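# Architecture and fold: a report
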Amino acid sequence: MRIAIVVARFNDFVTERLLAGARAGLADAGLPDGDIEVLWVPGAFEIPLAAEAVAASGRVSAVVCLGCLIKGATPHFEYISSACAHGIMAAASKTRVPISFGVLTTNSAEEALERAVEGPGNKGREAAEAALEMARLLAAVAGGGR
Ligand code: DLZ
């Protein structure tokens, strides 16, 4: 099983930590590092297009999306976060590939860092685990008889 991680560079002091958490979660689940493809995009707004492209390529069983929007620092926070969430859902529906949402939407940098700590509280790790679970579930549904 190959997994893609699409990660935004904007607020990379947080997204680097989400990426580390996602990698740790996939490693703990037994996925070799060579089976993980990491795609960097400029910001959260660009995540859906990259996620859809890699999902449609047929190379991966699931996609993990990582980003960080901080309300106080982003005047058009609602527009970007809504476009990102809806775009990710639409990409998953169109490609039928599970795409998980590890995009933080917080009031402050402190809140964002709290969600990017090492260990089980890391939202990147959570998103990676959700993507793997959905990939396995879809494989079981596709392979299951009556
Ligand atoms: C422009 C912008 C702003 C103000 N804030 C954020 C943010 O908090 N998090 C994020 O991921 N991206 C932000 N961006 C960049 C946009 O997502 C996008 O990359 C640019 O508008 C270019 O399309």
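Heads up: the structure comes first, above all this text.
First, a word on scope: everything that follows refers to the structure included in this document. (Residues numbered from 1 in each chain as written. Predicted model: local features only at pLDDT ≥ 70, side-chain atom pairs only at ≥ 80, totals over all residues. Heavy atoms only, no water.)

## Observations regarding helix 1 (residues 12–28)
Count 3.6 residues to each turn of an α-helix, and residues three or four apart come out pointing the same way. For clarity, the threshold we go by: Secondary structure elements are defined from DSSP: runs of H or I of at least 4 residues count as helices, runs of E of at least 2 residues count as strands, and each element is numbered from the N terminus. The span one expects for a helix is its residue count, reduced by one, times 1.5 Å. Only protein chains enter the accessibility calculation, which uses a 1.4 Å probe. A residue is then buried if its area is under 20% of the maximum for its type, exposed if over 50%, and partly exposed in between. In this context, the arc is that of the directions from the helix axis out to the C-beta atoms. The contact criterion used throughout is that any non-hydrogen atoms of two residues lie within 4.5 Å.
For helix 1, spanning 17 residues, the distance from its first C-alpha to its last is 24 Å, which sits close to the expected 24 Å at 1.5 Å a residue. All of the buried residues in helix 1 are V14, T15, L18, L19, G21, A22, G25 and L26. Take helix 1 and look down its axis: the buried residues cluster within an arc of 165°, on one side only. Of the surrounding elements, those touching the buried residues of helix 1 are strand 1 (3–8), strand 2 (36–41), strand 3 (62–70), strand 4 (99–106), helix 4 (109–114) and helix 5 (123–143). Where helix 1 ends, the next residue or the one after it, G30, has phi of about 95°, a positive value.

## Notes on the pattern of salt bridges
Our working definition: The working definition used for a salt bridge is a side-chain nitrogen of Lys or Arg within 4 Å of a carboxyl oxygen of Asp or Glu.
Enumeration over the complete set of coordinates arrives at 9 salt bridges. The partner of K71 in a salt bridge is E78, and the shortest N-O contact between them spans 3.6 Å. Owing to a relative accessible area of 38%, K71 belongs among the partly exposed residues under this scheme. A salt bridge links E129 to R125, with the nearest nitrogen and oxygen atoms 3.5 Å apart. Residue E129 and its partner R125 are located together in helix 5, separated by 4 residues, close to a single helical turn. Among the ionic contacts, a cluster of salt bridges with common partners joins R2, E37 and R59.

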